[in-house]
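Listed here are the chains, written in short residue letters.
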Amino acid sequence: MNDKNNLKQKIAIIGAGAVGSTVAYTLMVKNLGSEILLIDINSEKAMGEVLDIGDGLSFSELEDVEVGSYKDAANADIIILTAGVPQKSGETRLDLVGKNKSIISSIFKEIGQIKSSTIIIVVSNPVDIITHLAQEISGLPKEQVFGTGTGLDTARLHLNLALRFNTDSNQVEGFALGEHGDSEFIAWSTVSIGGKMVKDMLTEEERNNIEEAIKKEAYEIINRKGATYYGIAMVVTDIVEAILFNQNKIIPASHRLDNWNGISGICLGSPAVVGSAGIVKSWPIELTPEEKEKLKKSAEIIKQYL
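Residues numbered from 1 in each chain as written. Predicted model: local features only at pLDDT ≥ 70, side-chain atom pairs only at ≥ 80, totals over all residues. Heavy atoms only, no water.

Digging into the overall build of the chain
Here is step 1: Scanning the chain from N- to C-terminus turns up nine helices and 12 strands.
Here is step 2: Taking 19 Å as the expected radius of gyration for a compact globule of 306 residues, we find that the chain reaches 19 Å, a close match to that expectation.
Here is step 3: In the chain, the share of contacts with a sequence separation of at least 24, taken over all contacts with a separation of at least 6, comes to 70%.
Here is step 4: Entry remark: accessible area of the chain is about 13,700 Å², with carbon and sulfur atoms responsible for 48%. (Helix = DSSP H or I, 4+ residues; strand = E, 2+ residues; numbered from the N terminus. Rg over C-alpha atoms; globule rule 2.2 N^0.38 Å. Contact = heavy atoms within 4.5 Å. Areas by Shrake-Rupley, 256 points an atom, 1.4 Å probe, with all protein chains shown as cover.)

Concerning helix α2 (residues 43-54)
Here is step 1: In a regular helix each residue adds 1.5 Å, so 12 residues correspond to 16 Å; α2 covers 16 Å between its end C-alpha atoms and thus fits that length.
Here is step 2: Of the positions making up α2, those classed as buried are Ala46, Glu49, Val50 and Ile53. Seen along its axis, α2 keeps its buried residues to an arc of 100°; they face one direction. With respect to the buried face of α2, the exposed residues turned more than 90 degrees away are Glu44, Leu51 and Asp52.
Here is step 3: Each element contacted by the buried residues of α2 is listed here: α1 (18-29), β2 (35-39) and β3 (64-67). (Expected span 1.5 Å × (residues − 1). Buried < 20%, exposed > 50% of the residue type's maximum accessible area, 1.4 Å probe, protein only. Arc of directions from axis to C-beta.)

Overview of the pattern of salt bridges
Here is step 1: What the rule picks out here adds up to 11 salt bridges.
Here is step 2: Of the charged contacts, one joins Lys30 and Glu241 as a salt bridge, the two residues approaching to 3.8 Å between their closest N and O atoms. In this pair, Lys30 is assigned in the loop between α1 and β2 and Glu241 in helix α8 (residues 230-244), connecting sequence segments 211 residues apart.
Here is step 3: Between Glu286 and Lys292 there is a salt bridge, and its shortest N-O distance comes to 2.5 Å. (Salt bridge = Lys/Arg side-chain N within 4 Å of Asp/Glu carboxyl O.)

Remarks on the sheet that holds strand β8 (residues 185-193)
Here is step 1: As summarised here, the arrangement of the three strands in space is β7-β8-β9, forming an open sheet in which the pairing is antiparallel. Every other strand in the sheet has two partners, leaving β7 (172-177) and β9 (196-197) as the edge strands with one partner each.
Here is step 2: Alignment of β7 against β8, held across five bridges, turns out to be antiparallel. The residue of β8 that forms the bridge with Ala176 is Ile186.
Here is step 3: Packed onto the sheet, helix α6 (residues 151-165) meets β7 and β8 and runs at close to 140° relative to β7. (Pairing = 2+ DSSP bridges. Axes fitted to C-alpha atoms, helices over the stretch in contact; angles between N-to-C directions.)

A short note on the side chain of Ser183
Here is step 1: Structurally, Ser183 is set in the loop between β7 and β8.
Here is step 2: Side-chain polar atoms of Ser183 contact the side chain of Glu179, separated by 2.5 Å.
Here is step 3: Within the local environment of Ser183, its side chain forms a polar contact with the side chain of Ser298, the two groups lying 2.6 Å apart.
Here is step 4: Not counting the four nearest positions on each side in its chain, Ser183 is found in contact with Ser298 and Ile301. (Polar contact = N/O pair within 3.5 Å; in protein donor to acceptor, adjacent residues only side chain to side chain.)

A word on unusual backbone geometry
Here is step 1: With an omega of -5°, the peptide bond between Asn125 and Pro126 qualifies as cis.
Here is step 2: Tracing the backbone through its elements, the reader meets Pro126 in the loop between β5 (119-122) and α5 (127-137).
Here is step 3: Even without a glycine there, the phi angle at Asn259 is positive, about 55°.
Here is step 4: Following the sequence through the fold, Asn259 ends up in the loop between β10 (249-256) and β11 (267-275).
Here is step 5: By relative accessible area, which is 56% here, Asn259 ends up exposed.

As for the environment of Asp258
Here is step 1: Within the secondary structure, Asp258 sits in the loop between β10 and β11.
Here is step 2: For Asp258, a relative accessible area of 66% gives the class exposed.
Here is step 3: Asp258 sits 24 residues away from Ser282 along the chain, and the two C-alpha atoms are 8.5 Å apart.
Here is step 4: Among all residues touching Asp258, those that are not within four sequence positions of it are Ile263 and Ser264.

Structure representation (structure tokens):
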């Protein structure tokens, strides 16, 4: 599975803001891909980021980081979509729907026909809605267009529990699911550490407090520094790695569901096997009745904006 030839791939990052530029830097540090294109409507900003990131190329195996055009993205092996209006203090991700749907639609018009094997990773918020839109207008199979989903929320969950129980976060399993937003929830029936179910180790109040803390963390960061970008860059890098090395890794990606715990036809953060062709399949977890209701609520919220 780990074929180094897979690293000879061109990755186009659309959006040279805090998230896009941090993703580019993180990919360079981890030696993922051969060429990175940074694309932005503000070409001067993109060039500044490219010059800054490029200063590190002599410490990396990456061949090049360049400013690209929207047309260049059409021939990329992987497109990472980070463009759009960022979430500001006091806003929810759903507040961004109108502006970002318009921005993303115009970007795809500029790109034109995309290479048939290209994989698109959507990061732009609200990620579940933008992923659905990208699937509809990209012209690519839906398996090749998916979003970061609840990957960051799940990472926050794993870290929270690892610190609480004084263990390695890699030993924590389980998922935050649903909308990457205020209706997301922790599927406690999936969460374990070293084979022991975490719901049996915490009170209901403790579980609720953890869930609220994870939901609110983005707001806490934005209120203090204006944006979140380091964590999501690591989530994106993890997905790129799964694609380039065909890892068939289970990731809580936002992808089109087909009767997954009763939900069909929309994109939500839920576990999927990710490999070189994108989404291999949804991972068949059976949620509890209470969790299914929370998933349904999340789905109903997303449907209102499609």
